[in-house]
Amino acid sequence: MQLCSLSACPDRRGLEVRYYSHSGNRRATPELIFARPVNRSIRWADIEALFVALGAEVSEREGSRVGMFLFSEVRVFHRPHPSPDADKGAVASVRKWLDEYGVKP
């Protein structure tokens, strides 16, 4: 596995994620995203923080949609409300996208 800082890995492939989540737990969000079965208690704000740590540009869309520009593509997700927790489908989509580019916890 390639180990480097986020800025030193421009393609972000094979990157070991190191960052602090909003809840303050080092590496907690990536481990929860890749856990099986799908965890349904991950705060959406922590998922957004992970994307930002990977170099994503976050853009607000219509309604509760949020766009993530990362890996030279845009993915649109639905920001959960009124609960702050991401649903199982969103977590599975995030995991699949990160896994496609070799991002591991």
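Reading the values: the criteria
Residues numbered from 1 in each chain as written. Predicted model: local features only at pLDDT ≥ 70, side-chain atom pairs only at ≥ 80, totals over all residues. Heavy atoms only, no water. Pairing = 2+ DSSP bridges. Helix = DSSP H or I, 4+ residues; strand = E, 2+ residues; numbered from the N terminus. Axes fitted to C-alpha atoms, helices over the stretch in contact; angles between N-to-C directions. Contact = heavy atoms within 4.5 Å. Core = buried A, V, L, I, M, F, W, Y, C linked by side-chain atoms within 4.5 Å. Buried < 20%, exposed > 50% of the residue type's maximum accessible area, 1.4 Å probe, protein only. Phe/Tyr/Trp six-rings, centres within 6.5 Å; stacked < 30°, edge-to-face > 60°. Salt bridge = Lys/Arg side-chain N within 4 Å of Asp/Glu carboxyl O.

1. As for the sheet that holds strand β3 (residues 73–78)
Here three strands make up an open sheet; going across it, the order is β1-β2-β3 and the pairing antiparallel. Every interior strand has two partners, whereas the edge strands, β1 (57–60) and β3, have only one. Sheet twist, expressed as the average angle between the axes of neighbouring strands with direction ignored, equals 25°. Sheet analysis places β1 next to strand β2 (residues 65–70), joined by four bridges and oriented antiparallel. Within the sheet, the bridge partner assigned to Val58 lies in β2 and is Met68. With respect to the sheet, helix α2 (residues 44–53) is in contact with β1, β2 and β3, its orientation differing from that of β2 by roughly 25°. Its contacts with the sheet place helix α3 (residues 88–100) against β2 and β3, and it is angled at close to 165° to β3.

2. A closer look at the nonpolar core
Of all hydrophobic cores here, the largest spans 22 residues; its most connected members are Ile47, Phe51, Phe77, Trp97 and Leu98. The element contributing the most residues to this core is α3, with five residues.

3. Side note on the packing of aromatic side chains
Under the defined criterion, the tally for this structure stands at six aromatic pairs. Ring centres of Phe77 and Trp97 lie 6.1 Å apart, and the angle between their planes is 45°; this geometry places the pair in the tilted category. One end of the pair, Phe77, is in strand β3; the other, Trp97, is in helix α3, and 20 residues separate them in sequence. Summarising the burial analysis for this pair, Phe77 and Trp97 share the class buried. Three or more aromatic residues joined by ring pairs make a cluster, and in this case those are Trp44, Phe51, Phe71, Phe77, Trp97 and Tyr101.

4. What about the pattern of salt bridges?
Tallied over the full model, the rule gives five salt bridges. With its nearest N and O atoms 2.8 Å apart, the salt bridge here joins Glu48 to Arg79. Of this pair, Glu48 sits in helix α2 while Arg79 is found in the loop between β3 and α3, placing the two residues 31 residues apart along the sequence. You can call Arg79 partly exposed: its relative accessible area is 24%. The residue Glu73 makes a salt bridge to Arg75 at a minimum N-O spacing of 2.8 Å. A relative accessible area of 21% places Glu73 in the partly exposed class. Owing to a relative accessible area of 27%, Arg75 belongs among the partly exposed residues under this scheme.

5. A word on the pairing of β2
The turn joining β1 and β2, which pair antiparallel and follow one another in sequence, is formed by four residues; a positive phi near 60° is taken by Gly63. Sheet analysis places β2 next to β3, joined by six bridges and oriented antiparallel. For Phe69, the partnering residue across the bridge sits in β3 and is Val74. Here β2 folds back onto β3, and the loop between the two strands holds two residues, one of which, Phe71, carries a positive phi near 60°.

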